[in-house]
Amino acid sequence: MKNRKIAIAIGIVLLVFSYLVYGGVKEAKVYYLTVTELKERMPSVYREKVRVSGKVVPGSIKKEEDGGLRFRISDGNETIEVRYKGVVPDIFRDGVEAIVEGKYSPENVFFANVLLAKCPTKYESADELLKNKKENT
Amino acid sequence: MVEIGAVSITLAFFVSVYVAVASFIGARTGRREFVRSAENGAFGVVFLLTVSSSALVYALLTRDFSLKYVASNTSRDLSTFYTITAFWAGQAGSLLLWAWILSIYMALVVVYHRKKDRLLMPYILGTIAVVSSFFVYLLAFVESPFERLPFALEDGRGLNPLLQNPYMAIHPLSLYLGYVGITVPYAFAMGALLSGSMGDEWIKGSRKWTILSWTFLGIGLILGARWAYLELGWGGYWAWDPVENAAFMPWLTATAFLHSVMIQEKKGMLKKWNVFLIIITFFFALFGTFITRSGIVSSVHSFAQSDIGPYFLVFIGFVLVFSFLMFVLRLDSLRSENRFDSILSRESAFLFNNIVFLGAAFSVFLGTIFPIVSEVVRGEKILVGPPYFNRVNVPIGLILILLMGVGPLISWRKASKENLIRNFSYPVVLCILVMLALFIGGIREITPLLSFGLCAFVVATVFLEFIRGVRVRVRRGENPLVSLVKMVSKNRRRYGGYIVHLGVVLIVIGITASSSFVVQKEATLRAGESMSVGNYTLRFEGLNQYTTRSKHVTAARITVYNSDKKIDEMAPEKNVYRFEGNREINQETEVALRSTFKEDLYIILTDFDSEGKATFRVLINPMVSWIWAGGGVVVLGAVISIWPRMSERREEIVRYSVEVSKNGTVKI
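Once that is clear, we can look at the overall build of chain A. Along its length, chain A carries four helices and seven strands. In sequence order, chain A lays out its α and β elements as α-β-α-α-β-β-β-β-β-β-α. When each of the 137 residues of chain A is scored for burial, the buried share is 43%. In chain A, 48% of the contacts between residues at least 6 apart in sequence involve partners at least 24 apart. Put simply, chain A shows about 7,700 Å² of open surface, and 52% of that area lies on carbon and sulfur atoms.

The next point concerns the overall build of chain B. For chain B, the helix and strand inventory stands at 20 helices and eleven strands. Viewed in the frame of its principal axes, chain B has a C-alpha envelope of about 75 × 70 × 60 Å. Evaluated residue by residue, chain B yields a buried proportion of 59% over its 668 residues. A separation threshold of at least 6 residues defines the contact pool for chain B, and within that pool the share at least 24 residues apart is 72%. With an accessible surface of roughly 26,400 Å², chain B has 63% of that area assigned to carbon and sulfur atoms. Across chain B, 65 positive and 47 negative side-chain charges occur, with their mean positions spaced 12 Å apart.

For Ser363(B), the position within the fold is in helix H13 (residues 346-378). Given the relative accessible area of 1%, Ser363(B) is considered buried. In terms of polar contacts, Ser363(B) uses its side chain to reach the backbone carbonyl oxygen of Ala360(B), at 2.9 Å. In this view, Ser363(B) contacts Val21(A), Tyr388(B), Phe389(B), Val392(B), Asn393(B) and Ile396(B); residues no more than four positions away in its chain are not counted.

What follows concerns helix H10 (residues 242-267) of chain B. Residue and element names in this part refer to chain B. Taking 1.5 Å per residue as the helical rise, H10 with its 26 residues ought to reach 38 Å, and the 37 Å between its terminal C-alpha atoms agrees with that figure. Counting buried positions along H10 yields 24 of 26 residues, so the element is predominantly enclosed. Capping the start of H10 is the job of one residue whose side-chain oxygen sits 3.0 Å from the backbone nitrogen of Val 243: Asp 241. Backbone geometry just after H10 places Gly 268 at a positive phi near 65°.

Further remarks concern the packing of helix H8 (residues 183-195) of chain B against helix H9 (residues 201-232) of chain B. All names here are of chain B. At a minimum axis distance of 8 Å, the contact between H8 and H9 shows a crossing angle of 170°. As judged from the angle between their axes, H8 and H9 are roughly antiparallel. When H8 is examined against H9, the residues Val 184, Pro 185, Phe 188, Ala 189 and Ala 192 are found in contact with a partner set consisting of Trp 202, Gly 205, Ser 206, Trp 209 and Thr 210. Looking at the contact of H8 with H9 residue by residue, the classes come out as seven nonpolar, three polar and no charged.

Residues and elements named next belong to chain B. For strand S11 (residues 614-622), the tally of buried residues reaches nine of nine residues, placing the bulk of the element in the interior. The alternating pattern of S11 places Ala 614, Phe 616, Val 618, Ile 620 and Pro 622 and Thr 615, Arg 617, Leu 619 and Asn 621 on opposite faces, both of which are buried. Between strand S10 (residues 599-608) and S11, which pair antiparallel one after the other, the connecting turn spans five residues, and Gly 612 there sits at a positive phi close to 90°.

Moving on to the pattern of salt bridges. Under the defined criterion, the tally for this structure stands at 18 salt bridges over all chains. Its salt-bridge partner being Arg51(A), residue Glu101(A) comes within 2.8 Å of it at the nearest N-O pair. Within this pair, whereas Glu101(A) is found in strand S6 (residues 97-104), its partner Arg51(A) is found in strand S2 (residues 50-56), the two being separated by 50 residues in sequence. Take Arg51(A): its relative accessible area is 15%, and that puts it in the buried class. For Asp607(B), the salt bridge goes to Lys63(A), with nearest N and O atoms at 3.0 Å. Of the two residues, Asp607(B) is situated in strand S10 and Lys63(A) in strand S3 (residues 62-63); the pairing between them involves two chains.

Residue and element names in this part refer to chain A. A large share of S6 lies buried, amounting to six of its eight residues. In this sheet, S6 lies alongside S2 in antiparallel orientation, the contact comprising six bridges. Each residue of the ladder has a partner; that of Gly 54, found in S6, is Ala 98. Taken together, the seven bridges between S6 and strand S7 (residues 109-117) define a ladder with antiparallel strand orientation. Its bridge partner being in S7, Gly 102 is matched across the sheet by Ala 112. Adjacent in sequence and paired antiparallel, S6 and S7 are bridged by four residues, among which Asn 108 carries a positive phi angle near 60°.

Residues and elements named next belong to chain B. For the structure on display, the rule yields 49 aromatic pairs over all chains. Where Tyr 186 meets Phe 282, the ring centres are 4.1 Å apart and the plane angle is 15°; that geometry is what we call stacked. Residue Tyr 186 is found in helix H8, and its partner Phe 282 is found in helix H11 (residues 271-294); the two are separated by 96 residues along the sequence. With centroids separated by 5.5 Å and ring planes inclined at 65°, the aromatic side chains of Phe 284 and Phe 365 adopt a geometry described as edge-to-face. Separated by 81 residues along the polypeptide, Phe 284 in helix H11 and Phe 365 in helix H13 bring together distant segments of the chain. An aromatic cluster of three or more residues is present, and its members are Trp 98, Phe 134, Phe 135, Phe 283, Phe 284, Phe 287, Phe 290, Phe 312, Phe 315, Phe 318, Phe 322 and Phe 365. Above the ring of Phe 439, the side-chain terminus of Arg 444 is found at 4.1 Å from the ring centroid.

Turning next to the packing of helix H6 (residues 121-142) of chain B against H8(B). All names here are of chain B. The geometry of H6 relative to H8 is characterised by a closest axis approach of 8 Å and an angle of 125° between their N-to-C directions. The orientation of H6 with respect to H8, classified from their angle, is oblique. Note on packing geometry: the crossing formed by H6 with H8 is right-handed. Across the interface between the two elements, Tyr 123, Ile 124, Thr 127, Ile 128 and Val 131 from H6 touch Thr 183, Tyr 186, Ala 187, Phe 188, Met 190, Gly 191, Leu 194 and Ser 195 from H8. In terms of residue class, the contact of H6 with H8 is built from nine nonpolar, four polar and no charged.

Right, let's get into a negative patch on the surface. The grouping of Glu37(A), Glu40(A), Asp75(A) and Glu375(B) at the surface amounts to a negative patch. Mapped onto the elements of the fold, Glu40(A) is located in helix H2 (residues 35-40). You can call Glu40(A) exposed: its relative accessible area is 64%.

Turning next to the nonpolar core. Ranked by size, the top nonpolar core spans 192 residues in total, and within it Ile73(A), Phe110(A) and Trp202(B) carry the most contacts. In this structure, Trp202(B) is in contact with Leu120(B), Pro185(B), Phe188(B), Ala189(B), Ala192(B), Phe257(B), Gln264(B), Asn274(B), Val275(B) and Ile278(B), ignoring residues within four places of it in sequence. In this structure, Leu409(B), Phe424(B), Met487(B) and Tyr498(B) belong to the second largest nonpolar core, which totals 29 residues.

Residue and element names in this part refer to chain A. Per-residue confidence for chain A gives a mean pLDDT of 78, with 85% of residues at or over 70. Mean pLDDT across the elements of chain A bottoms out in helix H4 (residues 126-136) (46) and peaks in strand S5 (residues 79-84) (90). Here residues 121-128 is modelled with pLDDT under 50, and outside its nearest four sequence neighbours on either side it reaches 21 contacts, counting other chains as well. The low-confidence segment residues 131-137 (pLDDT under 50) makes seven contacts with residues lying over four places distant or belonging to another chain.

Before going further, it helps to examine the sheet that holds S11(B). Two orientations exist for strands paired in a sheet by backbone hydrogen bonds: parallel and antiparallel. Residue and element names in this part refer to chain B. One open sheet holds the four strands; their spatial order is S2-S11-S10-S9, and the pairing between them is antiparallel. Both outer strands of the open sheet, strand S2 (519-525) and strand S9 (592-595), are each paired with one neighbouring strand and no more. Neighbouring strand axes in the sheet, compared pairwise and without regard to direction, differ in orientation by 15° on average. As paired strands, S10 and S11 are joined by nine bridges and run antiparallel to one another. Paired with Leu 605 across the two strands is Phe 616, which belongs to S11.

Criteria and cut-off values
- Residues numbered from 1 in each chain as written.
- Chains lettered and ligands numbered in written order.
- Predicted model: local features only at pLDDT ≥ 70, side-chain atom pairs only at ≥ 80, totals over all residues.
- Heavy atoms only, no water.
- Helix = DSSP H or I, 4+ residues; strand = E, 2+ residues; numbered from the N terminus.
- Buried < 20%, exposed > 50% of the residue type's maximum accessible area, 1.4 Å probe, protein only.
- Contact = heavy atoms within 4.5 Å.
- Areas by Shrake-Rupley, 256 points an atom, 1.4 Å probe, with all protein chains shown as cover.
- Lys, Arg positive; Asp, Glu negative; His and termini not counted.
- Charge placed at Lys NZ, Arg CZ, Asp CG, Glu CD.
- Polar contact = N/O pair within 3.5 Å; in protein donor to acceptor, adjacent residues only side chain to side chain.
- Expected span 1.5 Å × (residues − 1).
- Axes fitted to C-alpha atoms, helices over the stretch in contact; angles between N-to-C directions.
- Parallel < 35°, antiparallel > 145°, perpendicular 65-115°, else oblique.
- Nonpolar A, V, L, I, M, F, W, Y, C, P; charged D, E, K, R; others polar.
- Pairing = 2+ DSSP bridges.
- Salt bridge = Lys/Arg side-chain N within 4 Å of Asp/Glu carboxyl O.
- Phe/Tyr/Trp six-rings, centres within 6.5 Å; stacked < 30°, edge-to-face > 60°.
- Lys NZ or Arg CZ within 6 Å of the ring centre and 35° of its normal.
- Left-handed = near helix turned anticlockwise from the far one by under 90°.
- Patch = residues over 30% accessible without salt bridge, like charges linked within 9 Å, V, L, I, M, F, W, Y side chains within 5 Å.
- Core = buried A, V, L, I, M, F, W, Y, C linked by side-chain atoms within 4.5 Å.
- pLDDT = per-residue confidence, 0-100.

See the structure below:
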């Protein structure tokens, strides 16, 4: 049967696929944690690459001499100190939901090599929209 | 106006439901009057939704801040252009746009197909009407663009500055035309499944609709990449962001579908596969809309979120279950008319092209939903980032380029040795020569070497096709240029396809060069100081600060020298919006870009201080403009292949030419 050759070839392609996906996941996986979860995993997490999200603590953003950035993020429960150098997203500022990726060091500083900021959702309730206006005027 | 808009949405819902019900009754009972009434209903829906859309545009333009939608997305200082584009800046407006485009497609399908495809038509119409009912239901009862505030505001919150970019204004529109357009071929497939007439009619009827929506999706992807490149200011254009992936997945499966339908048309094979592919493509289109709109995964592109997620999940579930149920019921009538004769044949090249495309789509899907799956399965949220997508998709991409060269030239059924030598010796030689030249030129990384080599291979095969076709005609005494034009215009689909392939090659070259050979440098300069990057020397002249109508601008003046010769002046900016409503964005970075076909000089002003010191990040991105140019070529090819034919006789000619090419010769 000629179709058997095709079937074998398809099988090989699928195997290669699975290998690529498996290897890719293994290499690229990053745990996505809240600040509290990070603290809970404290000793083991030090060497792992993780992604942490939390609100930027208002007033904590400081610029360093070398152009780097220092700030704290919090999930309302726990807070960590973050250091970052690189492109800062336009929407990054006090109170915004920030996502950092990098490693947590034993000195309790998070060294981030990726900084993302989530767009505050446009769809607030009508009440909030009205309240906002009053404060501004 | 607002009341009229709201009322017509509600009416449009009931008419949509009516169209669906009447179509199916008409189809089941065979009573023409039901079908005719449903067809008229389709025009009713498009009319009503046009009225609502006009009402929304009117409300936006008159700055009716008593509407929540208008107040949330516009402000008085917004220009007229962006006030209109605010139509699709938010959730409810985007949904209205979806529904409106769908109703237009529905009406067009009725106009073009009601005479031609009588048997399928009621089912096709019914299927589109069901989808339309779902979207209009959301608009009418869940997320209305005409929701009022308790009292009118003085001014609105303004449009997100990131969306105030010409690309962002048209890119969602194009993507939506693509997403929504997929509904049409899906409806044709469902029409075939429901009516039980499983011939090629559904494929013939829906072919152009598929290419059309595929083209729009492609344009949307390219424009989205260009927007990210210009506006997000990190130097790249593609980040495997969930929302990018969302549009990429249906594009991948639609591409697979466009190829595999050829096998069904020519050989009567892959019938099940085609039905399966179009169902999956429609699923990805819905899933894409869902991802973009539900906020279930975090993304840089999603600007609106709300609680319509659950509705979508239910609808997607319904579509999947129903489609596959029908699919299984009709499996018997989807038997293949032919078998694969050899692994070295055009049939199997197309089959592998399909498997690889589907595999790519699936791997992207897996990566996109990985956080959700891992949270459900293991209780931990695990992400897979760009390294995953690159690792999986780069090899897949290389295989696809190879197949792109092999597919059009290898013979049907079984390729003989002569066929292989005749068609592939020049391209293979060119491929090796290019790789050798690049290797000597100093490129040592395996991925770019392979990629450029394979691109040369594809270009050679395409040119071979063109040259042979023209040569045959020239031998008959025609002028080469005339014969080229005639040849293309008589076989639009085929040569249009080749032109698309050339465009894809340009894009691949651009992606390969810009991802493999980026030069990046960061420096903090005082006025008068210089930095050098690559061949360029950049002199920072000083900061310019001024205020325009809508923003406080800080622009860094930079003079660009290329080895002592002044070639340009550039001014990257950092802007603060004056208007409070826009303050959710702290600062807006405007990059400065100097683009040539060789490379882009991309300057970001990352920081500045009151003493006039400024920090720049400078990137030299090679050959990025090839991506945009390639996009243009792809669109050109697509337009050529869907351009209406003079007569249907041409179809016979295409078939005939393929028959001949079995012997290894290509004659027209």
